[in-house]
Amino acid sequence: VNGSFSLSYADGSSTEGDVYRDTVTIAGVSATGQSEPVPNVLASRADGWFEAFAVTTSESSDFDGRPISGILGMAYQSLSALGAKPVFQTMYAQGNFPNNQFSFMLREDGDSELLLGGQDISKFTGDMTWSDGISTAYWAVSGDFLINGQNVASSQSFVIDTGSTYLIGTRENVAKFYSNIPGAAVSLLYSGYYTVPCSTLNELSFNVTFAGSDQQFNIPMSLFNLGTADALGLTCLGGLYYQDLGGDFWVLGDLFLQSVYSTFDFYTNQVGFANLA
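Note that this is a predicted model, so its numbers are computed, not measured. (Residues numbered from 1 in each chain as written. Predicted model: local features only at pLDDT ≥ 70, side-chain atom pairs only at ≥ 80, totals over all residues. Heavy atoms only, no water.)

1. Remarks on the packing of aromatic side chains
Phase 1: Applying the stated criterion to the full structure yields 29 aromatic pairs.
Phase 2: Each ring, one from Tyr76 and one from Phe266, has its centre 4.9 Å from the other, and the planes form 70 degrees; the classification is edge-to-face. In this pair, Tyr76 sits in the loop between β5 (53-59) and α1 (87-93) while Phe266 sits in the loop between β20 (260-265) and β21 (270-276), placing the two residues 190 residues apart along the sequence.
Phase 3: Its relative accessible area of 13% is what places Tyr76 among the buried residues. (Phe/Tyr/Trp six-rings, centres within 6.5 Å; stacked < 30°, edge-to-face > 60°. Helix = DSSP H or I, 4+ residues; strand = E, 2+ residues; numbered from the N terminus. Buried < 20%, exposed > 50% of the residue type's maximum accessible area, 1.4 Å probe, protein only.)

Structure below.
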């Protein structure tokens with residue numbers, strides 16, 4: 001395709017490169033092209049059809065040292081900078097999967113799984129808690145933050161994003177969150193982050209609930225605590241930081257998703273969460 005792209009992500013990273021047509025294969029299942037015409041935002045083609053696959057030529061320093069070879073967009077087509085249908089949507093439209101949903105199990109130990117076309121019920125316990133989507137661009141739902149059982153941020157918009165490592169909020173929302181933690185202070189070394197006395201952090205419990213259910217999902221302190229922030233080991237860095245997101249919402253990244261099994265359903269526009277088995 002005669003075109004290029006430039007993208008910025010929620011965590012501040014960015015990339016740019018060229019656009020090609022290609023066949024994308026995942027575990028033996030291939031997306032061989034788009035199943036409907038899409039707006040041709042990159043090339044002057046009369047029919048408006050193209051199969052888009054982006055190849056980066058440069059990335060921001062955020063990607064340095066990361067053991068990844070690319071980013072696979074799993075959200076809605078309306079979010080695509082290319083105007084193209086995401087790979088999984090193309091696969092589903094071509095009859096490769098019985099259900100228009102996918103699931104994640106993310107683990108610190110590397111034993112992680114992306115399941116296309118359904119759920120692996122052996123990977124979670126109890127019933128799945130479903131929450132209605134509030135967007136048809138990002139995967140986003142409404143919910144609350146709780147600290148030691150106290151609701152400190154109610155009826156918030158949460159973007160569920162496997163492409164973000166930690167938790168992100170606006171400057172105002174993050175400041176309000178940490179104001180509920182004794183001794184929390186803006187980090188002088190790490191922009192956007194807060195430090196908390198390690199002894200205090202170890203006594204806290206962080207939970208998230210989602211609209212439509214009172215089920216609480218715990219964020220383990222072993223994940224939220226990013227490590228000591230001073231030479232004496234008295235303060236620790238929190239896994240929630242602030243950034244200009246361009247809107248009043250939060251991003252629940254891998255730090256949260258490692259503690260749950262999650263399913264994303266295009267048909268119902270819902271996101272489901274369950275405790276890991």
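2. Some points on the nonpolar core
Phase 1: One finds Phe145, Phe177, Phe206, Phe210, Phe224 and Phe256 to be the most contacted residues of the largest nonpolar core, which totals 53 residues.
Phase 2: With four residues, strand β10 (residues 150-160) is the largest single contributor of residues to this core.
Phase 3: Leaving out residues up to four positions away in the same chain, Phe177 has contacts with Phe145, Ile147, Val152, Phe206, Phe224, Leu240 and Trp250. (Core = buried A, V, L, I, M, F, W, Y, C linked by side-chain atoms within 4.5 Å. Contact = heavy atoms within 4.5 Å.)

3. Quick notes on the pattern of salt bridges
Two side chains that carry opposite charge are able to pair once their charged atoms sit near each other.
Phase 1: If you walk through the whole model with that rule in mind, you get two salt bridges.
Phase 2: The closest approach of N and O atoms between Glu113 and Lys123, which form a salt bridge, is 3.6 Å. Taken together, the positions of Glu113 in strand β7 (residues 113-116) and Lys123 in the loop between β7 and β8 (124-132) put the pair 10 residues apart, joining distant regions of the chain.
Phase 3: Between Asp120 and Lys123 there is a salt bridge; the shortest N-O distance is 2.8 Å.
Phase 4: Several salt bridges converge on common partners, so that one network encompasses Glu113, Asp120 and Lys123. (Salt bridge = Lys/Arg side-chain N within 4 Å of Asp/Glu carboxyl O.)

4. Some words on the sheet that holds strand β1 (residues 4-8)
Phase 1: Strand order in the open sheet formed by three strands is β1-β2-β5, and the pairing between neighbours is antiparallel. Bordering the open sheet on either side are β1 and β5, each of which pairs with just one other strand. Recorded for the sheet is a direction-independent mean angle of 35 degrees between the axes of neighbouring strands.
Phase 2: Of the strand pairs in this sheet, strand β2 (residues 14-20) and β5 are connected by six bridges, and their pairing is antiparallel. Residue pairing in the sheet places Gly17 in a bridge with Thr56 of β5. (Pairing = 2+ DSSP bridges. Axes fitted to C-alpha atoms, helices over the stretch in contact; angles between N-to-C directions.)

Taken by themselves, the reported measurements are silent on function.
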